[in-house]
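Analysis of the macromolecular model
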Amino acid sequence: MKQPTVEITPAQGVYGLFKSFAYTPWQALGEFIDNSVSSWLHTDQSATLEVEITWDPDWSDGEKFGRLTISDNAMGIATTELARAFELATPPGDLSRLSQYGVGMKVAACWFGDHWSVTTTAFGETVKRVITFDVGAIVSKNLRQLAVLEIPDSKDSHGTTIEITHLH
């Protein structure tokens, strides 16, 4: 007789819960900075890490109100790490550095707003990738995959930009 099982994979509705977390703006921003520093630590660190945070409260009106952008010149998300980076609660293989749990970017972005995108170019790769999260669509349609837009880019480009709109 086959052993019965139960599914424990979280439903996509979990993304809708993240805006209720007891974060402060500083804690949520810290998640993005943590990822930038962690990515930069995987380099020879000869270049200075630059992280830029821009909040534009007048970006739009209605439900699109405001825009928060976090950009860095770190190493970007490599092709080999892309799937893991966007999978919920899947930490990186090297836990000796920052980024311990694999939820920070996703939780912080959902905490700030309902629409967000990640644009990343990994050092030495010739493609820029854009992944867009529409939390409402992910939850209502139970989406388990998101399209990755790929744009040719210079192998000398690297870094990640997260843009969040529909701010809470």
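These notes cover the structure that comes with them.

Conventions and cut-offs
Residues numbered from 1 in each chain as written. Predicted model: local features only at pLDDT ≥ 70, side-chain atom pairs only at ≥ 80, totals over all residues. Heavy atoms only, no water. Phe/Tyr/Trp six-rings, centres within 6.5 Å; stacked < 30°, edge-to-face > 60°. Core = buried A, V, L, I, M, F, W, Y, C linked by side-chain atoms within 4.5 Å. Buried < 20%, exposed > 50% of the residue type's maximum accessible area, 1.4 Å probe, protein only. Helix = DSSP H or I, 4+ residues; strand = E, 2+ residues; numbered from the N terminus. Contact = heavy atoms within 4.5 Å. Pairing = 2+ DSSP bridges. Expected span 1.5 Å × (residues − 1). Arc of directions from axis to C-beta.

1. Some thoughts on the packing of aromatic side chains
Scanning all chains against the criterion turns up nine aromatic pairs. Between Phe 18 and Phe 21 the ring centres are 5.3 Å apart and the planes differ by 80°, which places this aromatic pair in the edge-to-face class. A connected cluster of aromatic rings, assembled from ring pairs, spans Tyr 15, Phe 18, Phe 21, Tyr 23, Phe 32, Phe 86, Trp 111, Phe 112, Trp 116 and Phe 133.

2. Quick word on the nonpolar core
Counting 28 residues, the largest nonpolar core has Phe 32, Phe 86, Phe 112, Trp 116 and Ile 164 as the members making the most contacts within it. Contributing elements (two or more residues each) for this core: helix 2 (25-41), strand 2 (67-72), helix 3 (79-86), helix 4 (104-112), strand 3 (113-121), strand 4 (127-134), helix 5 (135-140) and strand 6 (159-167). The element contributing the most residues to this core is helix 4, with seven residues. Filtering out sequence-adjacent residues up to four positions away, Ile 164 remains in contact with Phe 32, Gly 66, Arg 67, Leu 68, Ile 70, Ala 109, Phe 112, Gly 113, His 115 and Trp 116.

3. Concerning the pairing of strand 6
Most of strand 6 sits out of view: seven of its nine residues are buried. In this sheet, strand 6 lies alongside strand 2 in antiparallel orientation, the contact comprising six bridges. In the sheet register, Ser 71 faces strand 6, and the bridge partner there is Thr 161.

4. Looking at unusual backbone geometry
The backbone of Asn 142 shows a phi angle near 50°, a positive value even though the residue is not glycine. Within the secondary structure layout, Asn 142 lies in the loop between helix 5 and strand 5 (148-152). Relative accessible area serves as the criterion here: at 34%, Asn 142 is assigned to the partly exposed category. Notably, His 166 is not glycine yet its phi reads approximately 55°, a positive angle. Here His 166 lies in strand 6. For His 166, a relative accessible area of 8% puts it in the buried group.

5. With respect to helix 2
Since one α-helical turn is 3.6 residues long, residues separated by three or four positions face the same way. Its 17 residues place the ends of helix 2 24 Å apart at the C-alpha level, agreeing with the 24 Å of an ideal helix rising 1.5 Å per residue. Among the residues making up helix 2, those that are buried are Ala 28, Leu 29, Phe 32, Asp 34, Ser 36, Ser 38 and Ser 39. As for helix 2, its buried residues are in contact with strand 1 (51-56), strand 2, helix 4 and strand 6.

6. Side note on helix 3
Turning to helix 3, its buried residues are Leu 82, Ala 85 and Phe 86. Within helix 3, the buried residues cover an arc of 80° as seen down the axis, which keeps them to one side. Pointing more than 90 degrees away from the buried face of helix 3 are the exposed residues Thr 80 and Ala 83. Tucked inside the fold, the buried residues of helix 3 contact helix 1 (14-17), helix 4, strand 3, strand 4 and strand 5.

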